[in-house]
Amino acid sequence: MINKKTGFNTSMIHHGNPKDQDGSVMPPIVLSTTFERGDDQINPASEYIYSRYGNPNRNTLEAKLVVLESGVEAITFSSGLAAAQAVLHSFQNGDHVIIPDDIYFGVKKILMRLYENWGLQYDEADFTNLADIESKIKFNTKLIWMESPSNPGVKLCDIAAVVNLAQNRNIVTVADNTWATPYFTKPIEMGVDIVLHSTTKYMGGHSDILGGCLVFREVNDRTVFIKDYQKIGGAVPSPFDCWLLTRSLATFALRMKCQSENAMQLAQYLQSHPSVEKVFYPGLVSDAGYQIALKQMHGGFGAMLSILIKGGREEALEVCRKLKMIKHATSLGGVESLIEHRKSVEGDLSKTPDNLLRISVGIEEIEDILSDFEQALTI
Ligand SMILES: *Cc1c(COP(=O)(O)O)cnc(C)c1O
């Protein structure tokens, strides 16, 4: 028996692994979509019937995710946004949702495009300002959605304080913990009801699996509805994706430690570089989120940072072009460092500055990361 307090490495390697007839030490992949029934119509060997309803690889993965986020139940999906949609779908016509004004753009698009005719209302708030969030609460507010750090401003929100606002009013809280990861921040331990991840990012860690998950603080009617949404709605991850993600979780803590240490060094280097106007990283004492980070991030400050290049769009794009090892691409959380000009992806409506570059710091040797920036930033 491994309890929840066991270290990340230990539980991610050992917890939830099935015993099979061959004595496999590591979980095998079970690709069968259907499972034999006994004479009484129930599978005599296991709980499995059909792979959309449940599958050994999904169960192993979900068991590990429960431990990672200190929850009681985990439900996995085929992408982070499928997980986000499952949450939003558990609310109804006339309900009101409060989201950060810099929420991950895809979640906002779900509200704008897919729920346009659904009658789910939403307002945006500045999540660095509690009073602003409170001022947006209405009689029908049912959900407050947090993201910390945010994308691409790397702003922190005070999770415990938002939970306090919400719990007094019976409002459900969701924390998109994709960027902070449970290695640094445990929203459920601060009272958050549902934690969301795009497992595509740090949990997958190698930029080769798309996936999402929700982890719950308690099992209630909403949890049951969302479990049905997974099983009946069918946006499930494949056994292979679950297996690959389970494999990734074995090195999750190692990667996070290395990536955050690299990020800290890169942030300090960039902060003192004459071609850089500003660095957004909660580990810097000068950062607006530093005090909150000390409160709710432990063991490091994550591995995402954004910088403002002196100049404008052209100067920022020039840095992307000149970087040799670090590729200009979207997404984050992989072993490889990536850089992205966010304004180009977000489009003209985006409030992201033209000279902002977002950096996902990988596990390469820090000297190689620094020297790539050194040559790219030399004018
Ligand atoms: C990538 C991401 C998502 C969406 O996840 P997908 O796996 O791409 O669907 C949601 N939230 C955050 C913070 C993300 O970075």
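Scroll up to find the structure.
Residues numbered from 1 in each chain as written. Predicted model: local features only at pLDDT ≥ 70, side-chain atom pairs only at ≥ 80, totals over all residues. Heavy atoms only, no water.

Taking 1.5 Å per residue, 13 residues should reach 18 Å; helix α8 (residues 221-233) reaches 17 Å between its end C-alpha atoms and fits that length. In the core, the buried residues of α8 are packed alongside α2 (56-68), β1 (73-77), α3 (80-89), β6 (194-198) and β7 (212-216). One side-chain oxygen of the residue at the start of α8 lies 3.0 Å from the amide nitrogen of R222, identifying that residue as N220. In the stretch just after α8, G234 is the one whose phi turns positive, near 90°. (Helix = DSSP H or I, 4+ residues; strand = E, 2+ residues; numbered from the N terminus. Expected span 1.5 Å × (residues − 1). Contact = heavy atoms within 4.5 Å. Polar contact = N/O pair within 3.5 Å; in protein donor to acceptor, adjacent residues only side chain to side chain.)

Around the ligand, the surrounding shell holds 13 residues, and the nearest of these are L81, D176, S198, T200 and K201. With the chains in place, 92% of the 380 Å² that the ligand exposes on its own is no longer accessible. Each residue belonging to the shell around the ligand can be placed in one class, and the counts come to four nonpolar, six polar and three charged. (Near = heavy atom within 4 Å. Areas by Shrake-Rupley, 256 points an atom, 1.4 Å probe, with all protein chains shown as cover. Nonpolar A, V, L, I, M, F, W, Y, C, P; charged D, E, K, R; others polar.)

Throughout the structure, instances matching the rule amount to 17 salt bridges. For R321, the salt bridge goes to E318, with nearest N and O atoms at 3.1 Å. A residue pair is termed a helical-turn pair when its members lie 3 or 4 positions apart in one helix, as R321 and E318 do in helix α12 (residues 313-322) at three residues. Overall, E318 belongs to the partly exposed group, its relative accessible area being 34%. The residue R342 makes a salt bridge to E346 at a minimum N-O spacing of 3.1 Å. Residue R342 and its partner E346 are located together in helix α13 (residues 342-346), separated by four residues, close to a single helical turn. By the burial criterion, R342 is buried, and E346 matches it. One continuous salt-bridge network, built from bridges that share partners, spans E340, R342, E346 and R358. (Salt bridge = Lys/Arg side-chain N within 4 Å of Asp/Glu carboxyl O. Buried < 20%, exposed > 50% of the residue type's maximum accessible area, 1.4 Å probe, protein only.)

We now examine the pairing of strand β5 (residues 172-176). Taking burial as the measure, the five residues of β5 include five buried ones, the bulk of the element. Alternating positions in β5 separate into two faces, V172, V174 and D176 on one and T173 and A175 on the other, with burial throughout. Two elements, strand β4 (residues 141-147) and β5, share five bridges in a ladder whose sense is parallel. Paired with L143 across the bridge in β5 is V172. Crossover handedness for the path β4 to helix α6 (residues 159-167) to β5: right-handed. Direction of pairing for β5 relative to β6: parallel, over a ladder of three bridges. In the strand pairing of β6, V174 is matched with I194. (Pairing = 2+ DSSP bridges. Right-handed = clockwise from strand over helix to strand, strands pointing away.)

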